[in-house]
Amino acid sequence: MNIIDETLSALDATTGMLQEDTVSKGIRSVLSENKVEKSDVIQISELLAFEFRENVDVSTNPWGTYLRSLYVLTNSEEYPSINDLTPEMVEYYEQRAVDVKHPVLKTRYANLVWEFSRRIAGKKPNIEFARMIIDGNLEIPALITDGNDTDSLIAKILVPKKLNRALTLSISINDQDRIRKSVEAMIAYEDRIAEDDKQATWGFSFDNLMAGQKDVLTREEKEKLVNDHEKRLERITTEGGEKDHWGVENIINRLAPYYRKIGDLENAKRVVLKYGEVFEAMAATCIPSIASSHYDDVRARYQEYGLTTEAKRIEVILQELGAKVVSEFKTMSVKHEIPQEKIDKQIADLLDGELPTALFRLVLYFIPKKEKEGNALKEIANESIFFYLSANKLHDADGRLVATIGPIESDFDGRLMAHISQNMQFGAYFLHLAISRLIEKFRLSKDDIVNLIFQSPIFDEHSRGIIDAGIEAYLNDNHLVAAHLLTTQIEPAFRNLLLGAGVSVLKPNDIGGFDYITFGTLLSYSQLKDALGEDFIFYLKLLFTESRGWNVRNNICHGLLRSEFIQKPITDRIMHVLFLLSFIREMEQSSPSA
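Residues numbered from 1 in each chain as written. Predicted model: local features only at pLDDT ≥ 70, side-chain atom pairs only at ≥ 80, totals over all residues. Heavy atoms only, no water.

**So, the overall build of the chain**
And then number 1: Along the chain, the regular secondary structure elements total 27 helices and eight strands.
And then number 2: Along the first, second and third principal axes, the C-alpha atoms of the chain reach 90 × 65 × 55 Å.
And then number 3: Classification of the 594 residues of the chain by burial places 45% in the buried group.
And then number 4: For the chain, the accessible surface area stands at approximately 31200 Å², while carbon and sulfur atoms represent 51% of it.
And then number 5: Taking the average location of the 70 positive side-chain charges in the chain and that of its 91 negative ones, the two points are 1 Å from each other. (Helix = DSSP H or I, 4+ residues; strand = E, 2+ residues; numbered from the N terminus. Buried < 20%, exposed > 50% of the residue type's maximum accessible area, 1.4 Å probe, protein only. Areas by Shrake-Rupley, 256 points an atom, 1.4 Å probe, with all protein chains shown as cover. Lys, Arg positive; Asp, Glu negative; His and termini not counted. Charge placed at Lys NZ, Arg CZ, Asp CG, Glu CD.)

See below:
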C-alpha cells in the first residue's frame, strides 16, 4: 500500500464529518513530502478529485456541471480544469466510488463520474452513481456534531448544499422515493440546527423547497415552513428584546414574495410593515448617510407592495435627511504628477496636421471606449474585489439619493458608468488643455467655431444665434451661460439627425397633440447607434441623460445643478460633443430610393 492509499484509507475509516478541502489539503501535504510522478494516474487522479468545488447554480459554470474549478485567473487560466481529466481517471473514479465507505468520499467520486463521464469518457454514466450521490448526501447530517466551535459551525452550514444536491438529483432522475427522503431530511436537519441568532442555520428549507420550480411539499409541510418563519419573526421582534434587523430582512425576503405569489396580499403587506417598523427604528439611530440608505430600502419595499401612503411618508423623511447627508461628505484627493513635457508632447501629437485632421483626432481620443474601459474595470475589481461587492448609493449636492449602483456581478453596466464618469473627471484637465491648444494653434475665433459647427446639416439656422452666444460665453470663461445655452441645442440636433433618416421623433400626448420624444429615449434608437457607434451613444447617455453619470442635460434643464458646479469640465465636454457633431454630413443619394 502506497502513501496515498494509507492516507485515504485512514480518511475512509473516519466516523465523523469530512470536508472536501480538508481531504484535498491532506493529499497535498502527503504529495508535497513525496515526489509526484506526473505519469502516475492514481496520484494525479486523487490530487484533482478533491480540488474541484461544488457549484449549486450550474448555469454560472461554463462547463455546465455541478463541479467547477477552484479558481479562474484574469487570463482565464483555471485550476483544476476539466481538460486535466482523462477517460482513465473517470474509470478510476468509478471504482473508487464503489470501494470507499465514507459518504463524503463516496459522493465526491460518484459526482466526478456522474458529471464528467459523458464529457470526458464519451459515455453515459450508470444511474447507480446518481443514487450513490443521493444516498451518500442523505447520510451526511448524521455525521454532524452539535458543537459550537468554528469547525462545527462551518460543517453545519455546508450540509444544506449536500441535501439540496440530493433533492435536485432525485428530481432529475425522477426517483419519487428519494425525492421524499430528501425533503424530509432537509426539514428535519433545519429543525435540528436552527438558531434564531445564526441566520445561516435556518431558511434553507424554505429556499430550496418552497421556491423551487417543482412542487415537492405536502400541504402540511408548506404550512410548517411558513409558520416557522412567522414564529421566528415574532420572536426576534418582540418588545424588550434586541431586534435582529438582518434576520427580519431575511424572513421578509421569503414570506412577502410567498404571500404575494399565492394572492394573500393582506399578509404580504403585514410582514412588509413589520420589516419597515424594525428598519425605520434602526435608521432613526444611524448617522444620516446610513439612515438615508435604510429609509430608501424601506421606501422601495413599501412601494413594491402597494403601500403608497407609507412610501410617500418615507420620501418626506428622505428629503429632510438630504442636507444632513451632504454635511457628512468629505473631500478626498489623490496626487499624481505627470511631467509637463510629456503632456505637451501628447497634445502636440494629438493636434498634429491640418485643422480637420487634428480636430477629428481630438474628438475620437476623448470618447470613452466602452470595451476597453470594461476590461480595465474587471482588472481593478479583481484586485479590489471587496469594494465592488456592495451597492453604491449616489447623492446629489442636496443629499438627494439619485441612483443606486449594485454589486459588480449583478450591475456591471452601472459600475462601468461610474468608472467611466470618474475617469472623465480625472481627464478633465487634459481635455481642457487639448481644446485650448487647438483654438490657439489654429487661431479659432468665435465665428470660426460657429461656422465649423454649422457645417453639419443637423443644426438649424434659427439656432445659430443661441449657439453663437454660447460659444462666446465659453471663450470668455462664462461657463454658467455657455452650459445653459449650448446644452439645449444638442437635443434638437439629434432630432434633426433622426428626421433626416426618416425616423419619427414625435409621440401622441393626452390633449390631442404631439410631444417631442425626449433626449434619453432618442439615444436608445438603433438608428443612432448604427450611425454613430456604440461608444459615442454610451458616452452621450453618460454625459447628458444618465443619473449614474454626469446627467448634464437633465440637471441643467430641471434646475438641479448648482451654479458653482457648472465649470470648465462640463462646458469642455459639451464643446467636445459639438465638435464631434460638426463632422456629420448628409450622404449624396443617387436616386430617390437610395
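**Remarks on the packing of aromatic side chains**
And then number 1: By the definition in use, this model includes 20 aromatic pairs.
And then number 2: Ring geometry for Phe360 and Phe583: centres 5.0 Å apart, planes at 65°, overall edge-to-face. Taken together, the residues Phe360 in helix 16 (residues 355-365) and Phe583 in the segment after helix 27 (568-581) connect sequence positions 223 residues apart.
And then number 3: On the basis of relative accessibility, which here comes to 28%, the residue Phe583 falls in the partly exposed class.
And then number 4: Look at Phe536 and Tyr539: their rings are 6.4 Å apart centre to centre, the planes differ by 40°, and that puts the pair in the tilted class. Here Phe536 pairs with Tyr539, and both are found in helix 25 (residues 534-545), just three residues apart, close to one helical turn. When sorted by exposure, Phe536 lands in the same class as Tyr539, which is buried.
And then number 5: In this structure, Arg165 is placed above the aromatic ring of Tyr66, and the distance from its NZ or CZ to the ring centre is 3.9 Å.
And then number 6: Here Lys378 stacks its cationic end above the ring of Phe412, 5.5 Å away from the centre of that ring. (Phe/Tyr/Trp six-rings, centres within 6.5 Å; stacked < 30°, edge-to-face > 60°. Lys NZ or Arg CZ within 6 Å of the ring centre and 35° of its normal.)

**Description of unusual backbone geometry**
And then number 1: With an omega of -15°, the peptide bond between Tyr79 and Pro80 qualifies as cis.
And then number 2: Here Pro80 is to be found in the loop between strand 4 (78-79) and helix 4 (87-99).
And then number 3: Phi angles above zero are rare outside glycine, and Arg443 is one such case at about 50°.
And then number 4: Topologically, Arg443 is positioned in the loop between helix 19 (428-441) and helix 20 (446-453).
And then number 5: On the basis of relative accessible area, Arg443 is assigned to the exposed category, the value being 73%.
And then number 6: Despite not being glycine, Asp477 has its phi angle at roughly 60°, a positive value.
And then number 7: Along the chain, the position of Asp477 falls in the loop between helix 21 (464-475) and helix 22 (479-500).
And then number 8: Assessed through its relative accessible area of 49%, Asp477 is described here as partly exposed.

**As for the pattern of salt bridges**
And then number 1: The tally for this structure, following the rule as stated, stands at 39 salt bridges.
And then number 2: Arg131 serves as the salt-bridge partner of Glu128, at 2.5 Å between the closest nitrogen and oxygen. With Glu128 and Arg131 both in helix 6 (residues 127-139) and three residues apart, this pair spans about one turn of that helix.
And then number 3: Overall, Glu128 belongs to the partly exposed group, its relative accessible area being 39%.
And then number 4: Across the pair Asp177 and Lys181 runs a salt bridge, and its minimum N-O distance is 3.3 Å. One end of the pair is Asp177 and the other is Lys181, both in helix 8 (residues 176-193) and four residues apart, which spans about a single turn.
And then number 5: Ionic contacts of the salt-bridge type, sharing partners, join the residues Glu20, Glu54 and Lys162 into one network. (Salt bridge = Lys/Arg side-chain N within 4 Å of Asp/Glu carboxyl O.)

**Focus: the pairing of strand 5 (residues 392-395)**
And then number 1: For strand 5 and strand 6 (residues 401-405), the ladder comprises four bridges, and the chain directions are antiparallel. Looking across to strand 6, one finds that Asn392 is bridged to Ile405.
And then number 2: Between the antiparallel neighbours strand 5 and strand 6 lie five residues, among them Gly399 with a positive phi of about 90°. (Pairing = 2+ DSSP bridges.)

**Some words on the environment of Gln303**
And then number 1: As for its position among the elements, Gln303 is in helix 13 (residues 288-304).
And then number 2: Between the alpha carbons of Gln303 and Asn382 there is a distance of 35 Å; along the sequence they are 79 residues apart.
And then number 3: With sequence-adjacent residues up to four places away left out, Gln303 is seen in contact with Ala311 and Glu315. (Contact = heavy atoms within 4.5 Å.)

**Some details on the confidence of the model for the chain**
And then number 1: Mean pLDDT over the chain works out to 89, with 93% of the residues at or above the 70 mark.
And then number 2: Per-residue pLDDT stays below 50 along residues 590-594; that stretch engages in one contact with residues further than four places along the chain or on separate chains. (pLDDT = per-residue confidence, 0-100.)

**Here's the deal with the packing of helix 2 (residues 20-33) against helix 3 (residues 41-49)**
And then number 1: In the contact formed by helix 2 and helix 3, the axes pass within 9 Å of each other and the chain directions differ by 140°. Relative to helix 3, helix 2 is oriented so that their crossing is left-handed. Where helix 2 abuts helix 3, its residues Ile27, Arg28 and Leu31 lie against Gln43, Glu46 and Leu47.
And then number 2: A class-by-class count of the residues in the contact of helix 2 with helix 3 yields three nonpolar, one polar and two charged. (Axes fitted to C-alpha atoms, helices over the stretch in contact; angles between N-to-C directions. Left-handed = near helix turned anticlockwise from the far one by under 90°. Nonpolar A, V, L, I, M, F, W, Y, C, P; charged D, E, K, R; others polar.)

**Details of the side chain of Arg96**
And then number 1: Here Arg96 shows up in helix 4.
And then number 2: Contacts of Arg96, omitting those with residues within four sequence positions, involve Leu8, Glu46 and Tyr109.

**A closer look at helix 19**
And then number 1: Counted at 1.5 Å a residue, the expected span for helix 19 with its 14 residues is 20 Å, and the 20 Å between its end C-alpha atoms agrees.
And then number 2: Taken together, the buried positions of helix 19 are Ala428, Phe430, Leu431, His432, Leu433, Ala434, Ile435, Leu438 and Ile439. (Expected span 1.5 Å × (residues − 1).)

**Some details on the side chain of Arg301**
And then number 1: Relative to the elements of secondary structure, Arg301 occurs in helix 13.
And then number 2: Its relative accessible area of 14% is what places Arg301 among the buried residues.

**Quick word on the nonpolar core**
And then number 1: By size, the foremost hydrophobic cluster in this structure holds 91 residues, and its most contacted members are Tyr93, Tyr109, Phe116 and Leu209.
And then number 2: When near neighbours in sequence (up to four residues on either side) are disregarded, Tyr109 contacts Leu8, Glu46, Ala49, Phe50, Tyr93, Arg96, Ala97 and Val100.
And then number 3: The next biggest cluster of nonpolar side chains, apart from the first, holds 74 residues, and it includes Ile471, Leu497, Leu528 and Ile574. (Core = buried A, V, L, I, M, F, W, Y, C linked by side-chain atoms within 4.5 Å.)

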